[in-house]
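In case you want the letters, here they are:
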Amino acid sequence: DAGVIQSPRHEVTEMGQEVTLRCKPISGHDYLFWYRQTMMRGLELLIYFNNNVPIDDSGMPEDRFSAKMPNASFSTLKIQPSEPRDSAVYFCASRLGFSTDTQYFGPGTRLTVL
Amino acid sequence: KQEVTQIPAALSVPEGENLVLNCSFTDSAIYNLQWFRQDPGKGLTSLLLIQSSQREQTSGRLNASLDKSSGRSTLYIAASQPGDSATYLCAVNKGNTPLVFGKGTRLSVIA
């Protein structure tokens, strides 16, 4: 398996623009997580899905953020409009259940909002 | 709300030294504890997973211990090498809840 795939790897955009980050989880995994990592706040959980259904989006900072999972092999995180304080590395992760299996992370998308 | 703390935030050691990284968590009713490694510009890679019924796990030069009652875990790295330089993150989860991460310890092993 190719692991968790994220695109793009780097995104530079101007304030006010729409940004869409994409994730393909590991095949067969039923949980998908979106995280944001900054130096100040560390790794923060934004939202997670189980079997394509959003379970907890309490970590989504504002209404400008939205996430979808239309099928088991694809998810998007959208920021509209983007702001400079959204600059961070965004990670997608997937896992099989909440039992003893580990969580697998993608390489991340480094977002810079000018 | 579960909080995970890692001390120190950064650590620099000479090659060959044995070292210990610390992790503490506020809610001892955890299900799993995991240690991850993150290289600069990369995602997180799982190193060791300890279930709540276990006290330790070992993988090569790495040994992780868990003391649930005191809310502590340690990651022991034997005979450190420059290739061990990375950020190490500790994470816990409780039942069917997502992992809660510490901010990590940035380790530099100097040749």
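Residues numbered from 1 in each chain as written. Chains lettered and ligands numbered in written order. Predicted model: local features only at pLDDT ≥ 70, side-chain atom pairs only at ≥ 80, totals over all residues. Heavy atoms only, no water.

It is worth spelling out the side chain of Q37 of chain A at this point. Positionally, Q37 of chain A belongs in strand β4 (residues 31-38). Since its relative accessible area comes to 16%, Q37 of chain A is described here as buried. A distance of 2.9 Å separates a polar atom in the side chain of Q37 of chain A from a polar atom in the side chain of Q38 of chain B. With sequence-adjacent residues up to four places away left out, Q37 of chain A is seen in contact with G42, L43, A88, V89 and F91 of chain A together with Q38 of chain B. (Helix = DSSP H or I, 4+ residues; strand = E, 2+ residues; numbered from the N terminus. Buried < 20%, exposed > 50% of the residue type's maximum accessible area, 1.4 Å probe, protein only. Polar contact = N/O pair within 3.5 Å; in protein donor to acceptor, adjacent residues only side chain to side chain. Contact = heavy atoms within 4.5 Å.)

So, about the interface of chain B and chain A. At the interface, 20 residues of chain B touch 21 residues of chain A. Both faces combined, the contact of chain B with chain A buries some 1500 Å², and carbon together with sulfur accounts for 55% of it. When the buried surface of chain B facing chain A is broken down by residue, L44, P98 and F101 of chain B rank first, second and third, together holding 28% of it. At the junction of chain B and chain A, the tally comes to zero salt bridges. Our count for the contact surface shared by chain B and chain A stands at four residue pairs in polar contact (both at pLDDT 80 or more). Where the side of chain B that touches chain A is concerned, the elements lending two or more residues are β4 (32-38) and β5 (44-51) of chain B. Class assignment for the residues of the side of chain B that touches chain A results in seven nonpolar, eleven polar and two charged. (Buried area = accessible area lost by both parts, 1.4 Å probe. Salt bridge = Lys/Arg side-chain N within 4 Å of Asp/Glu carboxyl O. Nonpolar A, V, L, I, M, F, W, Y, C, P; charged D, E, K, R; others polar.)

What follows deals with the environment of D67 of chain B. Residue and element names in this part refer to chain B. Within the element layout of this structure, D67 appears in strand β7 (residues 62-67). On a C-alpha basis, the gap between D67 and S28 in space is 8.9 Å, while along the polypeptide they are 39 residues apart. Ignoring anything within four residues of it in the chain, the contact list for D67 reads F25 and R72. A distance of 3.2 Å separates a polar atom in the side chain of D67 from a polar atom in the side chain of S70.

By the definition in use, this model includes eleven salt bridges over all chains. What emerges from the salt-bridge pattern is a single network uniting E62, R64, E83, R85 and D86 of chain A.

Attention now moves to the sheet that holds β7 of chain B. Residues and elements named next belong to chain B. Taken in spatial order, the five strands make up an open sheet running β1-β3-β8-β7-β6, and their pairing is antiparallel. The open sheet is flanked by β1 (4-7) and β6 (56-59), the only strands paired with a single partner. Geometrically, the sheet is characterised by an average inter-axis angle of 15° between neighbouring strands, direction not taken into account. By the bridge criterion, four bridges tie β6 to β7 in an arrangement that is antiparallel. Its bridge partner being in β7, T58 is matched across the sheet by N63. (Pairing = 2+ DSSP bridges. Axes fitted to C-alpha atoms, helices over the stretch in contact; angles between N-to-C directions.)

Okay, the environment of E44 of chain A next. Residues and elements named next belong to chain A. Mapping E44 onto the fold places it in strand β5 (residues 42-50). Separated by ten residues in the primary sequence, E44 and P54 place their C-alpha atoms 17 Å from one another. Residue contacts for E44: discarding those within four places in its chain leaves W34, Y35 and R36.

The subject of this paragraph is the sheet that holds strand β7 (residues 65-71) of chain A. Residue and element names in this part refer to chain A. The four strands are arranged β1-β3-β8-β7 in an open sheet whose pairing can be described as antiparallel. Each end of this open sheet is capped by a strand with a single partner; those strands are β1 (5-7) and β7. With direction set aside, neighbouring strand axes in the sheet form an average angle of 15°. The sheet contact formed by β7 and strand β8 (residues 74-79) spans five bridges and is antiparallel. Across the sheet, K68 pairs through a bridge with T76, a residue of β8.

Time to look at the packing of aromatic side chains. By the definition in use, this model includes ten aromatic pairs over all chains. Judged by centre distance (6.3 Å) and plane angle (15°), the ring pair of Y31 of chain A and F33 of chain A falls under stacked. Judged by its relative accessible area of 13%, Y31 of chain A falls in the buried class. Measuring from centroid to centroid gives 5.9 Å for F105 of chain A and F101 of chain B, while their planes differ by 85°, and the two rings are edge-to-face. Residue F105 of chain A is found in strand β10 (residues 104-105), and its partner F101 of chain B is found in strand β10 (residues 100-101); the two belong to separate chains. Owing to a relative accessible area of 10%, F105 of chain A belongs among the buried residues under this scheme. (Phe/Tyr/Trp six-rings, centres within 6.5 Å; stacked < 30°, edge-to-face > 60°.)

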